[in-house]
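These are the residues of each chain, in order.
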Amino acid sequence: MPLVPALAIAFGLAVLVWSADRFVIGAAALARHIGMSPLLIGMLIVGFGTSAPEMLVSAMASLEGSSGMALGNAFGSNIVNIGLILGLTALLCPISVHSKVVRRELPILILVTLLVIILSANGLLSRIDAMVLLVIFSLLIIWSIRQSISGQADSLAEEIVEEQRSHPMSLAQAMTATALGLVLLIASSRLLVWGAVETAVFLGVSDLVIGLTIVAVGTSLPELASSLTAIRRNEHDIALGNVIGSNLFNTLAVVGIAGMIAPIGVPAEVLYRDLPVMAILTLALVATCAGFGRPGRVNRFEGAALLAAYSGYSGYIVYSTVV
């Protein structure tokens, strides 16, 4: 692997993770200063904000003609979020599901996953398809706002309040952190995409494979850090909400924005390999969280199964690429 592109990937990922953390913390503090409710902050800022790296990386990739990387980053991040991040988190500490909002988002995630599979079935995500995804995303935002305005008590809101107490910020500090985080997110995303494209060319693999592996894992690091921190503080609904919110954001907004920039061709391997894996992991997540007569909970055995599934999927991609 050429040294400069490798350094660009490493440095780009490091800055991406740091700036995403600053952006989310700053944006959450800024939202609190302007009077946004803790529940809305949890559903939008924290849950969706951790997907800012995926959005910017996929947008940059689409602008530069690397549609495979844009698609691979979005779908690959969804797989990483459930298989690697949630699996590892649950393996370290079983995750209990208390939040009614988190439970209500689970069937929405299934429907959104099914929708993107249907739209991709013809091998092309057109601008009209992308617009459909963005319209649904907008409706989801409106629903989140209505949930917040209703003022119903929820454990997710309580955990967000506790989380914010650990990051006290003045209004000026919040604005600075948000602006700095956003600028560095954009710069590091561009650097990461350049390094990833150059690496793909050098290795002779598709930008889709790079997007599904290196880039997807890298852009999902904020979710990993956030989930591990949340579970350490016994904030189970934040840990799970991060994954669900991020996957909704990736499927609707990340793919939608990239598709609006340029129509995205959907390779056959995405249809028979990546989308089915994403759908199966999503169904497994919903099945474990639903409880079916018992409290929703992702236990260590289920976490290990998710992690094993992700390892097998990653191993297959590497094997099929090498062979």
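The preceding data block contains the structure.
Notes on the structure follow. All values derive from a computational prediction rather than experimental measurement.

Analysis parameters
Residue numbers restart at each chain and count upward from 1, following the sequence in its written direction. Where local features are concerned, this predicted model is filtered to residues with pLDDT of at least 70; where side-chain atom pairs are given and counted, the filter is 80 or more; whole-chain, interface and lining totals use all residues. Excluded from the side-chain calculation are hydrogens and water; included are all heavy atoms of the structure. Every helix listed is a DSSP run of H or I at least four residues long, and every strand listed is a run of E at least two residues long, numbered separately from the N terminus. Working definition: with a 1.4 Å probe on protein chains only, accessible area under 20% of the residue-type maximum means buried, over 50% means exposed, and in between means partly exposed. Working rule for contacts: check all heavy atoms of both residues, and any pair within 4.5 Å makes them a contact. Computed with the Shrake-Rupley method and a 1.4 Å probe, the accessible areas treat only the protein chains shown as cover for residues. In this analysis an axis means a line fitted to C-alpha atoms, helices contributing only their contacting stretch, and an angle means the value between N-to-C directions, from 0 to 180 degrees. Our angle categories are set so that under 35 degrees counts as roughly parallel, over 145 as roughly antiparallel, 65 to 115 as roughly perpendicular, and the remainder as oblique. Crossings are sorted by hand: turned counterclockwise from the far helix by less than a right angle, the near helix makes the crossing left-handed, and turned clockwise it makes it right-handed. When residues are sorted by character, Ala, Val, Leu, Ile, Met, Phe, Trp, Tyr, Cys and Pro go into the nonpolar class, Asp, Glu, Lys and Arg into the charged class, and all the rest, Gly among them, into the polar class. Expected span of a helix, by definition, is 1.5 Å for each gap between consecutive residues, and there is one gap fewer than residues. Note on definitions: salt bridges are taken to be side-chain nitrogens of Lys or Arg within 4 Å of carboxyl oxygens of Asp or Glu. Residues enter a nonpolar core if they are buried and are Ala, Val, Leu, Ile, Met, Phe, Trp, Tyr or Cys, with the set joined through side-chain atoms within 4.5 Å.

The next point concerns the overall build of the protein. Scanning the protein from N- to C-terminus turns up 13 helices and 4 strands. Per-residue burial for the protein yields a buried fraction of 54% across its 323 residues. Look at the contacts in the protein between residues 6 or more apart in sequence, and 88% of them connect residues 24 or more apart. Here the protein displays about 13100 Å² of accessible surface, and carbon together with sulfur accounts for 71% of that area.

So, about the packing of helix 1 (residues 3-33) against helix 8 (residues 171-203). Two elements in contact, helix 1 and helix 8, have axes separated by 6 Å at closest approach and are oriented at 155°. Classified by the angle between their axes, helix 1 and helix 8 sit roughly antiparallel to one another. Both helix 1 and helix 8 take part in a crossing whose hand is left-handed. Each residue belonging to the contact of helix 1 with helix 8 can be placed in one class, and the counts come to 26 nonpolar, 10 polar and 2 charged.

What follows concerns helix 1. For helix 1, with 31 residues, the first-to-last C-alpha span of 44 Å sits near the 45 Å given by 1.5 Å per residue. G35, located one to two residues past helix 1, shows a positive phi value of around 95°.

Turning our eyes to something else, we now look at the packing of helix 9 (residues 207-219) against helix 10 (residues 221-232). Two quantities define a packed helix pair, namely the angle between the helix axes and the distance between the axes. Axis separation between helix 9 and helix 10 bottoms out at 4 Å; the angle between their running directions is 40°. By the angle between their axes, helix 9 is oblique relative to helix 10. Where helix 9 approaches helix 10, its residues V217, G218 and T219 are matched on the opposing element by L221, P222 and E223. By residue class, the composition of the contact of helix 9 with helix 10 is 3 nonpolar, 2 polar and 1 charged.

What the rule picks out here adds up to 2 salt bridges. E64 serves as the salt-bridge partner of R190, at 3.4 Å between the closest nitrogen and oxygen. Placement of the pair is R190 in helix 8 and E64 in the loop between helix 3 (52-63) and helix 4 (67-92), with a sequence separation of 126 residues. A residue is classified by how much of its surface remains accessible, and E64, at 38% relative accessible area, is partly exposed. We note a salt bridge from D274 to R273, for which the minimum N-O separation is 2.7 Å. D274 sits in the buried class, given a relative accessible area of 1%. Judged by its relative accessible area of 10%, R273 is buried.

Grouped together as the largest cluster of nonpolar side chains are 74 residues, with contacts concentrated most on L71, F75, L240 and L285. Among the elements that make up this core, the one with the highest residue count is helix 11 (residues 236-261) (12 residues). If near-sequence neighbours (up to four positions away) are discounted, F75 is found in contact with V116, V255, V270, L275 and M278. If you look at the next biggest cluster of nonpolar residues, it comprises 5 residues, including A29, M169, A174 and A177.

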